[in-house]
Amino acid sequence: MAPSSAVDYGVYLVTDSTPAILGDKDLVDIVRQALRGGVTCVQYREKLTGDNHAAAIEKARKLHAVTKEAGVPLLINDHVDIAVEIGCEGVHIGQDDMGFEQARKLLGPDKIIGVTASSKEEALKACEMGADYLGIGTVYATATKKDTKSIIGTSGVRDILSAMVAAGYGHVRTVCIGGLNASNTAAVLAQSASPKKSLDGVAVVSAIVAADDPAAVSRDLLGQVIAARIPDVIKKVAETTPLSHNMTNLVVQNFAANVALAVGASPIMANYGEEASDLAKLGGALVVNMGTVTPDGLKNYKQALEAYNAAGRPVVLDPVGAGATSVRRDAVKQLLAAGRFAIIKGNEGEIQTVHGATIQQRGVDSTSSLSFDQKASLVSALARQRSSVVLLTGKTDLVSDGRRTFRVDNGHEMLGMITGTGCTLGTTVSAMAAVVPKGGDMLAAAVAGTAMFGVAAERAAGRPEVRGPGTFVPAFLDELYLIRKATAEGDLGWLTLVNVKAVEVSEQ
Ligand code: 3NM
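In this report, we go over the structure that sits alongside the text. The structure presented is a predicted model; accordingly, all values stated were derived computationally and were not measured.

1. Description of the overall build of the protein
A tally of regular secondary structure across the protein gives 19 helices and 17 strands. The globule rule puts the C-alpha radius of gyration for 508 residues at 23 Å, and the 23 Å found for the protein is close to it. Taken along its principal axes, the extent of the C-alpha atoms in the protein is 70 × 45 × 45 Å. Among the 508 residues that make up the protein, the fraction classed as buried is 57%. Taking the intrachain contacts of the protein between residues at least 6 apart in sequence as the baseline, contacts between residues at least 24 apart amount to 69%. Each charge class in the protein can be summarised by its mean position, and for the 49 positive and 53 negative side chains these summaries are 3 Å apart.

2. Here we look at the site of the ligand
Neighbouring the ligand are 14 residues, the closest being T138, T142, T144, G179 and S206. Take G179: an N or O atom from its main chain is 2.8 Å from an oxygen atom of the ligand. Within the side chain of S206, an N or O atom sits 2.5 Å from an oxygen atom of the ligand. About the coverage of the ligand: the protein hides 93% of its 430 Å² of free accessible area. Classifying every residue of the shell around the ligand by side-chain character gives three nonpolar, nine polar and two charged.

3. What about the side chain of R229?
Looking at the element boundaries, R229 is found in helix α10 (residues 214-240). We classify R229 as buried; its relative accessible area is 15%. Among the polar contacts listed, one links the side chain of R229 to the backbone oxygen of D200, at a separation of 2.7 Å. When sequence neighbours within four positions are dropped, the list of residues in contact with R229 reads D8, G10, D200, R404, D441 and A444.

4. Side note on the sheet that holds strand β4 (residues 90-93)
Spatial strand order, β1-β2-β3-β4-β5-β6-β7-β8: eight strands in a closed barrel with parallel pairing. Pairwise comparison of adjacent strand axes, ignoring direction, gives a mean angle of 25 degrees for this sheet. Contacts from helix α5 (residues 100-107) reach β4 and β5 (112-117), with the element oriented near 165 degrees to β5.

5. Details of the packing of helix α13 (residues 295-310) against helix α14 (residues 326-338)
For the pair α13 and α14, interaxial distance at closest approach is 9 Å and the crossing angle is 20 degrees. When the axes of α13 and α14 are compared, the pair comes out roughly parallel. Note that α13 runs across α14; the crossing there is right-handed. Here L298, Y301, K302, L305 and E306 of α13 lie close against α14, whose contacting residues are A331, Q334, L335 and A338.

6. A word on the sheet that holds strand β15 (residues 397-400)
Reading across from one edge, β10-β9-β11-β12-β13-β14-β15-β16-β17 is the order of the nine strands in this open sheet, with mixed pairing throughout. Each edge of the open sheet is held by one strand with a lone partner, namely β10 (266-268) and β17 (500-502). For this sheet, the mean inter-axis angle between neighbouring strands, taken without regard to orientation, is 20 degrees. Inspection of the sheet shows strand β14 (residues 389-392) paired to β15 by three bridges, in the antiparallel sense. From the neighbouring strand, V390 faces β15, where its bridge partner is S400. Of the strands in this sheet, β16 (405-408) and β17 are in contact with α10, which crosses β17 at around 140 degrees. Its contacts with the sheet place helix α16 (residues 372-386) against β13 (343-346), β14, β15 and β16, and it is angled at close to 35 degrees to β15.

7. Section: the packing of aromatic side chains
Under the counting rule described, the total for this entry stands at five aromatic pairs. Here the aromatic rings of F453 and F476 are separated by 5.0 Å at their centres, their planes lie at 85 degrees, and the arrangement is edge-to-face. Residue F453 is found in helix α18 (residues 442-461), and its partner F476 is found in helix α19 (residues 469-488); the two are separated by 23 residues along the sequence. Both residues of the pair, F453 and F476, count as buried. Ring centres of F472 and F476 lie 5.5 Å apart, and the angle between their planes is 10 degrees; on these two criteria the pair is classed as stacked. Of this pair, F472 and F476 both sit in helix α19, four residues apart, roughly one helical turn.

8. Describing the layout of surface pockets
As a volume, the second largest pocket reaches approximately 1,000 Å³. Surrounding the second largest pocket, 34 residues form its lining, T393, L415, G416, T421 and G422 being those nearest its centre. Of all the elements in the fold, those that place two or more residues in the lining of the second largest pocket are α17 (421-434) and α18. Here the lining of the second largest pocket gets four residues from one element, more than from any other, and that element is α17. Residue classes in the lining of the second largest pocket are distributed as nine nonpolar, 17 polar and eight charged.

Calculation rules
Residues numbered from 1 in each chain as written. Predicted model: local features only at pLDDT ≥ 70, side-chain atom pairs only at ≥ 80, totals over all residues. Heavy atoms only, no water. Helix = DSSP H or I, 4+ residues; strand = E, 2+ residues; numbered from the N terminus. Rg over C-alpha atoms; globule rule 2.2 N^0.38 Å. Buried < 20%, exposed > 50% of the residue type's maximum accessible area, 1.4 Å probe, protein only. Contact = heavy atoms within 4.5 Å. Lys, Arg positive; Asp, Glu negative; His and termini not counted. Charge placed at Lys NZ, Arg CZ, Asp CG, Glu CD. Near = heavy atom within 4 Å. Polar contact = N/O pair within 3.5 Å; in protein donor to acceptor, adjacent residues only side chain to side chain. Areas by Shrake-Rupley, 256 points an atom, 1.4 Å probe, with all protein chains shown as cover. Nonpolar A, V, L, I, M, F, W, Y, C, P; charged D, E, K, R; others polar. Pairing = 2+ DSSP bridges. Axes fitted to C-alpha atoms, helices over the stretch in contact; angles between N-to-C directions. Parallel < 35°, antiparallel > 145°, perpendicular 65-115°, else oblique. Left-handed = near helix turned anticlockwise from the far one by under 90°. Phe/Tyr/Trp six-rings, centres within 6.5 Å; stacked < 30°, edge-to-face > 60°. 1 Å grid on protein atoms, 1.4 Å probe; cavity = no way out; pocket = protein on both sides within 12 Å on 5 of 7 lines; lining within 4 Å. Points joined across faces, edges and corners; volume = space filled by probe spheres on them.

In structure tokens:
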């Protein structure tokens, strides 16, 4: 299980075993379905009456077996003793429950302790004590919990987030709770974001537990949560101008450098591996694009990959034409053996090749033989195989980290009429990868870059002066720049064009 700093609080399921919500369904089965849909954190919440203590421990153990298999933390509401007994990942305590310090003493330093907060004062007190995350609420009145302290709405959440930043607790994770569901999550996340801090996710009870299809609702929520992370990634690129080190092919060097500048990164097109150890220390990211691979080039890529891995900085692999020749197939094998890639980006044939299939690509063109479901399974399988985020480009782009898989339906056919758009998407994504903090969400960075790129293409193609590929290129650069600038200034209107959804992946 990941350390507590790497927990994803995006879609946080809180259980409820009361007949009004659970009905006659089996809680473990509901949680299993929710995990399949993409729930990222589970809290077991049970009112103990005195004679159901043993049954609650038994249920907690069963839930823990299911969450462990999914690689998701299980937290216990209130009952620290149950968390200690079953050895799960932590607890959630209210302001009135067992004191924080006592809980920390019983659980030890590595377990997660979350605290409920409904005011700035409560939030800051919990942060001061060392809470790993806050459950902020109640956002909206809810039939699930009638004894809530105060209904604070999204403006109340925003005030708490601002107060946390002002007090130096901007790093403490947060979810909000109360009346959240698939129809209001995107709006709540957008409205509650303060200029310097957004929520990490939403905590829901009835929206999932009482749903006819808990997996489908969880997937819907997951798509909204990941989409809500897009502006923060782009804003951070705009604010920090990260280095995008491109070892790329002869065809796209100039275009890739211009795209890097437009999205707010600082490009360096350095193909000499010897330079990488110095460049890797500058807080950026590397793109290895093997579009015009040579024996010398391959040696340089490997040297740079090792330097960036050693510095703990992300590397994007763009295995251009991987399935076109035996030389390229071998180059992919050598690169995969030489180090770790944070993101692997390619078209269908390239991703199939990286996954180990022997297919014949016609040059750098994409083959197209897989169904949508097969592509979703492929990206998820390769992501797990390589512990990377995998981005498969096409009319619909697919992005996966092996547990969460998304489709991005943005872009325009004009992108296929000019050279280097696939390569420059790699550059864009590298800029986004460069701003992901340790333990942060690399998948959200890849989704952010992909969505920004696709929306810029749509807006460029729609401009009156764009009459074909020649006029598209400058308009596209302008739109990347304009989206970056608007996002940095807090103007997020373009997000209405973003089309990102979580998808179901069948085991194949
Ligand atoms: N805690 P639903 S509100 C468990 O405000 C809980 O602290 C709350 O249920 C708080 O998602 C709540 O069904 C119930 O609205 C939320």
